[in-house]
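# What the coordinates show
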Amino acid sequence: MKQIDFLNTPRIDQVGIEDRIARITSRSIKKESKMQGLYMALNMIDLTTLEGADTEEKVKQLCFKAHHLHDEIPGLPSTAAVCVYPNFVKTAVNELKGTNVKVAAVATAFPSGQSSAEIKLLDTKIAVDNGAHEVDMVISRGKFHSGEYNFVFDEIAMIKEACGKNVRLKVILETGELGTLDRVRLASDIAMHAGADFIKTSTGKIKPAATLPVTLVMLEAIRDYYYSTGIMIGMKPAGGISTSKLALQYLMMVKETLGGKWLTNEYFRFGASSLANDVLLQIAKQKSGIYQSNDYFSKA
Amino acid sequence: MKKKHTIDFSSTWDLAPAPESTSHFKLKEQYDLFINGQFLAPKSGKYFDTINPANEKVLAKVAEANEEDVDLAVKAARKAYTNVWSKLSGKERGKYIYRIARIIQERAREFAVVETLNGGKAIRESRDIDIPLAAAHFFYYAGWADKLDYAFPNRKPKALGVAGQIIPWNFPLLMAAWKIAPALAAGNTVVIKSSETTPLTLYLLAEVIQEAGLPAGVVNIVSGAGVTGSHIVNHPDVNKIAFTGSTAVGKIIMKAIAGTPKKSTMELGGKAANIIFEDAALDQAVEGIVNGIYFNQGHVCCAGSRLYVQESVFDVVVQKLKDRMQSLRVGDPLDKNTDIGAINSKKQLETINKYLKIGVEEGAEIYQPTCDLPEKGYWCRPTLFTKVSQSNRISQEEIFGPVLAIQTFRTVDEVIEKANNTPYGLSAGVWTDKGSKIFNMTSQMRAGVVWANTFNKFDPASPFGGYKESGFGREGGLHGLEPYLKFD
C-alpha cells in the first residue's frame, strides 16, 4: 500500500469554502422536501447529556425521550442514539433494550483528552464492556499542535482496537482548538486513516463548536477518502446546531458533497441536545400551519 | 487495475419547486423607444416580439428603432448635453446618479424577475449578482461625479458630448450600468441600444430614469438588432462609441469609425484560461472552475472556458468536476434552486450545439451529467471535454455556452505559453496555494483581469477590459472614467 504522507494533505482555501457554503445555504428547502428533511434530521440526532450534574434519572428520561420524541404526532422516528458518559452506559443500555436507539459513550478522558494511554484505554474498555454501541473519543490536540502526528494516529488506532469490530468509533477533532481549516483537514485525514468510523467536529465544551465551513472541509476529506478506498466514513457535527433551518442546511451540504448514500444515521449524525425540540416544533407547524408554544414539547 | 469509486448523487430527498413570485409587477404589452424623456412610438412603425427563452412564450412587443429614430435620439442627447447636462455641476449630476441607484435597489425584485424572464438566467444570479452589482455601479460612479478634478490632478477633464453605447444580451441591466454610470458621471449624455433578445430591463431602467427626474434627453434608450446599432455607430454627431459584444462585430465597428474623431472602447470576446496547479486547494478550485464556466450558462465574455490542469492531479480534478456537475440543477430559471437556466436564444443554442458536435468530431471526450431538461425552451447541459488539443477549435474559439475544454500541463513555462496562445486576452485564473507562483503567473498572463484562487468576481471599483482581440479601454474603477473624458 502507498504510504500516506500527512504533510501532503490537501490544502484548504477558506474563501472558497465560504463561497461554497453561501451557495448551499441559499438553497430553498420548502414544503414536502422540508418535511422530509426534518424527519431525517430527527432520526440523525445523538441526543446528548454530558454534564457533571448528570444523574441516573436524567439519563433514563433522556433515553425515554429518544424513542418517544413527541407521541402526539404519530409516526415520528426515534433519534439515532443517546450520548452519555461511560458510567451511565449500563443504565442507558437497559433503558433502550428493544429499541433501535444506539448508546454512544464519550471516552478517552473526554473532553480534554489530557490523560495517559492506560486511562484512555480503560475508559474505552469500560464503555465497551458495559454495552456501548459507539464510542466517541477525543484526539490529543496538544500532541497534534506540537506536530506529533504519529502519536495522534497511534492513539486513535489503539482505541479503535479496544473498540473491537462491533463498536463504531467516532473521533472528535475538537476543531475549535485546531485553529485553521488546513489543520481540520489534516486531523480528519489522520483520524480516517487510523481507523475512525466517524469523524466528529467537537465535544460541545469548546466554542466555536460545529460550523458549516468546518463540516464542509471534513465532508470533503471523507469524499477524498472514499475516492481512494471505497470506504464510507460517517460525519458528526456536534455543538451549536440548535435550529431546524441550520440542520437542513447541513443535510443539504451532505447531499451535495457526498450524495444520498450518506443521508442516513449510519453515516451522518447531529450531536445536539436542543435541536430535537426545534425540529418537532417545525414539524408540528408544517402539519397544523401554526407555531405552538415551546411548552408543548418536553424538555427532557 | 485500481477500482474507481464514484459518488452516487441520486437521493430520495429532492428539492420541491421554489419558484420566485411574478405577481408583484405586470409587464406592458408593448414597449416604445425612450427618447427625450418620453416613451415614443418608433418612426419605423415596427415592433418585434421578445420572448422568454425558458418557454418560448412572447413576453411583450418591443419597438425597433430605424435611422430616423436613432437620429431623434442623438439630437435629443445633443440638445440635453448643450443646454442642460454640461451646465450642471458635478455635484448635481451625482445626485441624479445616486437617485437612479436607489430606485434600482427599491425595484430590485422586479428587475431580477424581468431579467430572468427575458434572458433565461437563473433567478439566483439576477437577484444576487446582476441587479445589486448594477446598483453598485451607479452608486460608485455617482461618487466620482464631483471629484473629477481630483481624479486626474493637474489635467482638466472635460466631457466628450454624446456617447453612443451598444450592449450585449448576457447581462443587460448590468452592462447598461457599466456604460451609463461612468458616462453620466463624466458629464456626457447617452444614446444606448439594448440587444434584440433582451430589451426589457432597459425599458424598466427608462422608467427609473423618468422617476429619478433626469433632465429629458440625458439618457435615451432604443432597441433593435445590429442595423439599429450601425445607425448609432455611423451617426456623425456621436462623439464616442462604447461597445460590448463579439469580436467580429467589434471589428466592423472599428472599420466604420476609422478616420472619424469618434473615441471608442471595445469589450469583446474571450477564451480565458483557468490554471490549476497540483498544490492548489483542489475542492475550492473545482468550485471556482464551475463558477467560472457555468455562471450564466457560460454566456460570459470572461468565462473560464479553457482549463489547464497539472498532470499529477488531472484524474482527481476531472472526477471532482464531474461530481460537482451532478449537483448542478438545470431548469426553470425562476426557481430559486436553479443553478443553470435557459440558453438565451435559439440562435445561441444552435451555435453551442455546433461546437459540441465539432468537439466530438475532433476526437475530444464529452461529458454531461444526466439531468432532465424541460421540453419547451432552449437548454444545454453543462458540458466538459477531455482529451482536448490546443489546436482543437473548441479550445481556440469562443463558444459562449456552458462548455469547458480541459487540457493538461507539466511545467509553468508550458502552461504560460498555452494559456497565452489565443487571439483573446480578457481574463485568466490561477489556482495554487503558493503566493510566489501567483505573482509569477499573474505578471505573465496576457489578460486584462487575472483572478487568483477565485474567478468571476466583479466590483465597480475594479477596472475590467481586454488585451489583444478582447478589446481595449477599461470599464469600472477610475480607469472607467477616462474613456468618457478628454483633457486639455
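Scope of this entry: the structure provided in the associated data block. All values derive from a computational prediction rather than experimental measurement.

The next point concerns the overall build of chain B. If you tally the helices and strands in chain B, you get 14 helices and 20 strands. Since a compact globule built from 488 residues should have a radius of gyration of about 23 Å, the 23 Å found for chain B is in line with a globular shape. C-alpha extents for chain B along the principal axes are approximately 80 × 50 × 35 Å. Of the contacts formed within chain B by residues at least 6 apart in sequence, a portion of 73% connects residues at least 24 apart.

What follows concerns the sheet that holds strand β17 (residues 427-431) of chain B. Note on sheets: strands pair through backbone hydrogen bonds, and any given pair is parallel or antiparallel. All names here are of chain B. Taken in spatial order, the seven strands make up an open sheet running β14-β15-β16-β13-β12-β17-β18, and their pairing is mixed. Across the chains shown, the open sheet's two edge strands, defined by having one partner strand only, are β14 (365-367) and β18 (449-452). Averaged over all pairs of adjacent strands, the angle between their axes in this sheet comes to 20°, without regard to strand direction. Two elements, β14 and strand β15 (residues 383-386), share three bridges in a ladder whose sense is antiparallel. Bridge assignment links Tyr-367 to a residue of β15, and that residue is Leu-384. Here helix α10 (residues 282-294) sits on the sheet in contact with β12 (273-276), β13 (306-310), β16 (403-409) and β17, set at roughly 165° to β17.

Quick look at the interface of chain A and chain B now. Contacts between chain A and chain B engage 32 residues on the former and 28 residues on the latter. At six residues, helix α2 (residues 31-42) of chain A tops the list of elements feeding residues into the side of chain A that touches chain B. Taken together, the residues of the side of chain A that touches chain B sort by class into 10 nonpolar, nine polar and 13 charged.

A word on unusual backbone geometry. With an omega of 0°, the peptide bond between Phe-110 of chain A and Pro-111 of chain A qualifies as cis. Following the sequence through the fold, Pro-111 of chain A ends up in the loop between β3 (102-107) and α5 (117-129). Following Lys-207 of chain A, the chain continues to Pro-208 of chain A via a peptide bond in cis, the omega torsion being -5°. When you line up the elements, Pro-208 of chain A lands in the loop between β6 (198-200) and α9 (212-229). The phi angle at Asn-296 of chain B is positive, at roughly 55°, despite the residue not being glycine.

Another aspect to go through is helix α6 (residues 172-185) of chain B. All names here are of chain B. Between its first and last C-alpha, α6 extends 20 Å over 14 residues, near the 20 Å set by a 1.5 Å rise per residue. Burial within α6 is extensive, with 14 of its 14 residues counted as buried. In the stretch just after α6, Gly-187 is the one whose phi turns positive, near 100°.

Where helix α1 (residues 14-25) of chain A contacts α10 of chain B, the two axes come as close as 9 Å, and the packing angle between them is 55°. Judged by the inter-axis angle, α1 of chain A sits oblique to α10 of chain B. Viewed along their axes, α1 of chain A and α10 of chain B form a crossing whose handedness is left-handed. Here Gly-16, Ile-17, Asp-19 and Arg-20 of chain A of α1 of chain A come into contact with α10 of chain B, specifically with Gln-284, Glu-287 and Gly-288 of chain B. Partitioned by chemical class, the residues of the contact of α1 of chain A with α10 of chain B number one nonpolar, three polar and three charged.

With that settled, consider the sheet that holds strand β5 (residues 57-63) of chain B. Overall, mixed pairing links the three strands, which are arranged β1-β5-β4 (chain B) in an open sheet. A single partner strand is all that each edge strand has here, and the edge strands are β1 (30-31) and β4 (47-52) of chain B.

Let us look at the pairing of β12 of chain B. Residue and element names in this part refer to chain B. Residues of β12 alternate between two faces, with Ala-273 and Ile-275 on one and Asn-274 and Ile-276 on the opposite face, all of them buried. A crossover connection joins β12 to the parallel β13 through α10; in handedness this β-α-β unit is right-handed. Both β12 and β17 contribute to a ladder of four bridges, which runs parallel. Among the inter-strand pairings, Ile-275 is bridged to a residue of β17, identified as Val-430.

Conventions and cut-offs
Residues numbered from 1 in each chain as written. Chains lettered and ligands numbered in written order. Predicted model: local features only at pLDDT ≥ 70, side-chain atom pairs only at ≥ 80, totals over all residues. Helix = DSSP H or I, 4+ residues; strand = E, 2+ residues; numbered from the N terminus. Rg over C-alpha atoms; globule rule 2.2 N^0.38 Å. Contact = placed C-beta atoms within 7 Å. Pairing = 2+ DSSP bridges. Axes fitted to C-alpha atoms, helices over the stretch in contact; angles between N-to-C directions. Nonpolar A, V, L, I, M, F, W, Y, C, P; charged D, E, K, R; others polar. Expected span 1.5 Å × (residues − 1). Buried ≥ 20, exposed ≤ 12 C-beta atoms within 10 Å, placed from the backbone. Parallel < 35°, antiparallel > 145°, perpendicular 65-115°, else oblique. Left-handed = near helix turned anticlockwise from the far one by under 90°. Right-handed = clockwise from strand over helix to strand, strands pointing away.

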